[in-house]
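Architecture and fold: a report
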Amino acid sequence: MVTIALLLIEPFLLAALLSSSRFKHTAPWAALLALSLPWLLPESWVILRVLAAMVSTLYFLRALELARRSGDLSFHERMWCLTSTFDALGSRPAESRVLARDLVLLAPWAILSVLAWTGLAHTDATILAWGIGLIGFYATVEALTRVTVIGYRAAGHEIPRVQMQPLLARSVSEFWGRRWNRPVGCLLRSFCYLPLARRGHQRLGLAAAFVASAECGDADCSSISVYAICATAQN
């Protein structure tokens, strides 16, 4: 319970540190330390550990970004940035509306996500469970992305695109680098690749970005694993 409480208050503590000019640059170190919190949860809490790992990674990357950023942001704005899966500061005011096209695009992904979860409950084969899990995870991410866009548009905000139709990617590098989870890709480029590439160490920069993305990648892969684990556990 203590670990869960720490995970819940982590964004408040980070926002408070980032709001202080004296302790601003300690926030990324605090967020880095908090990456260990998911490992303190019981091993049987698979789904919660996966979610905690993904959230902790998001907090760490956002704390890095905000610690470097100049400008006077309020506590609430920093909280918004820390907990958003997109570039919150890149959002702009827009007409409050819900587009029929967004609802049409949401429907198939939502249906596919539900079907995947339902299918896993009746799947015994591990390989098939992994396949369904991969499809279900992708569909769930797309559905949640669409819901986020619709919600913010209804509230009068236009947010930067989180995904750029990943299925249309023509290569692995295009998929990971430009289409899938663009906020994380931009952060890894800014904080891992570019600082080393500017000093003539492009390969080292790529390696650093790869190692840093392992945390995010492990969280994604772990999410897929959850589908398979849930399927085998229920049968």
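Residues numbered from 1 in each chain as written. Predicted model: local features only at pLDDT ≥ 70, side-chain atom pairs only at ≥ 80, totals over all residues. Heavy atoms only, no water.

Along the backbone of the protein there are nine helices and two strands. Nonlocal contacts in the protein, meaning residues at least 24 apart in sequence, comprise 65% of its contacts between residues at least 6 apart. Carbon together with sulfur atoms contributes 67% to the accessible area of the protein, which is approximately 13,800 Å² in total. (Helix = DSSP H or I, 4+ residues; strand = E, 2+ residues; numbered from the N terminus. Contact = heavy atoms within 4.5 Å. Areas by Shrake-Rupley, 256 points an atom, 1.4 Å probe, with all protein chains shown as cover.)

The biggest cluster of nonpolar side chains holds 20 residues, and the ones touching the most others in it are Leu14, Leu18, Ala31, Phe60, Leu66, Leu82 and Phe86. Looking at this core, the elements that each hand over two or more residues are helix 1 (2-18), helix 2 (27-34), helix 3 (46-68) and helix 4 (75-83). At six residues, the largest contribution of residues to this core is made by helix 3. Grouped together as the second largest cluster of nonpolar side chains are six residues, Leu106, Trp109, Tyr138 and Ala139 included. (Core = buried A, V, L, I, M, F, W, Y, C linked by side-chain atoms within 4.5 Å. Buried < 20%, exposed > 50% of the residue type's maximum accessible area, 1.4 Å probe, protein only.)

Bringing a positive patch on the surface into the picture now. There is a patch of like positive charges on the surface, built from Arg68, Arg189, Arg198 and Arg199. When you line up the elements, Arg199 lands in the loop between helix 8 (182-197) and helix 9 (202-234). (Patch = residues over 30% accessible without salt bridge, like charges linked within 9 Å, V, L, I, M, F, W, Y side chains within 5 Å. Salt bridge = Lys/Arg side-chain N within 4 Å of Asp/Glu carboxyl O. Lys, Arg positive; Asp, Glu negative; His and termini not counted. Charge placed at Lys NZ, Arg CZ, Asp CG, Glu CD.)

Bringing the packing of helix 2 against helix 3 into the picture now. Direction vectors running N to C along helix 2 and helix 3 enclose 170°, while the axes themselves pass 8 Å from each other. As far as their axial angle goes, helix 3 and helix 2 are roughly antiparallel. Each of Ala27, Pro28, Ala31, Leu32 and Ala34 in helix 2 lies in contact with helix 3, whose residues at this interface are Ser56, Tyr59, Phe60, Ala63, Leu64 and Ala67. In terms of residue class, the contact of helix 2 with helix 3 is built from ten nonpolar, one polar and no charged. (Axes fitted to C-alpha atoms, helices over the stretch in contact; angles between N-to-C directions. Parallel < 35°, antiparallel > 145°, perpendicular 65-115°, else oblique. Nonpolar A, V, L, I, M, F, W, Y, C, P; charged D, E, K, R; others polar.)

Quick look at the packing of aromatic side chains now. One pass over the structure, following the stated rule, counts two aromatic pairs. Seen from their ring centres, Trp80 and Tyr152 are 6.3 Å apart, and the 20° between their planes marks the pair as stacked. Of this pair, Trp80 sits in helix 4 while Tyr152 is found in helix 6 (residues 126-154), placing the two residues 72 residues apart along the sequence. Its relative accessible area of 26% is what places Trp80 among the partly exposed residues. (Phe/Tyr/Trp six-rings, centres within 6.5 Å; stacked < 30°, edge-to-face > 60°.)

Under the definition given, this model contains three salt bridges. In this structure, Arg146 and Glu142 form a salt bridge, with 3.9 Å as the shortest nitrogen-oxygen distance. With Arg146 and Glu142 both in helix 6 and four residues apart, this pair spans about one turn of that helix. Here Arg146 falls in the partly exposed class, since its relative accessible area comes to 22%. For Glu142, a relative accessible area of 4% gives the class buried. Of the charged contacts in the structure, one is a salt bridge between Glu158 and Arg153, with a shortest N-O distance of 2.7 Å.

Turning our attention to the confidence of the model for the protein. When the pLDDT values of the protein are averaged, the result is 77; 82% of them are 70 or greater. Here residues 217-235 is modelled with pLDDT under 50, and outside its nearest four sequence neighbours on either side it reaches 39 contacts, counting other chains as well. (pLDDT = per-residue confidence, 0-100.)

Attention now goes to a nonpolar patch on the surface. There is a patch of nonpolar side chains on the surface, built from Val2, Leu6, Leu8, Ile9, Phe12, Leu13 and Phe75 and spanning about 660 Å² of accessible area. Take the nonpolar patch: its biggest share by element is six residues, from helix 1. Examined against the element boundaries, Phe12 turns out to sit in helix 1. By relative accessible area, which is 45% here, Phe12 ends up partly exposed.

Next up on the list: the packing of helix 5 (residues 100-120) against helix 6. As a packed pair, helix 5 and helix 6 sit with axes 8 Å apart at the nearest point and diverge in direction by 150°. In this structure, the crossing between helix 5 and helix 6 has a hand that is left-handed. Of the residues assigned to the contact of helix 5 with helix 6, the class counts are 17 nonpolar, four polar and five charged. (Left-handed = near helix turned anticlockwise from the far one by under 90°.)

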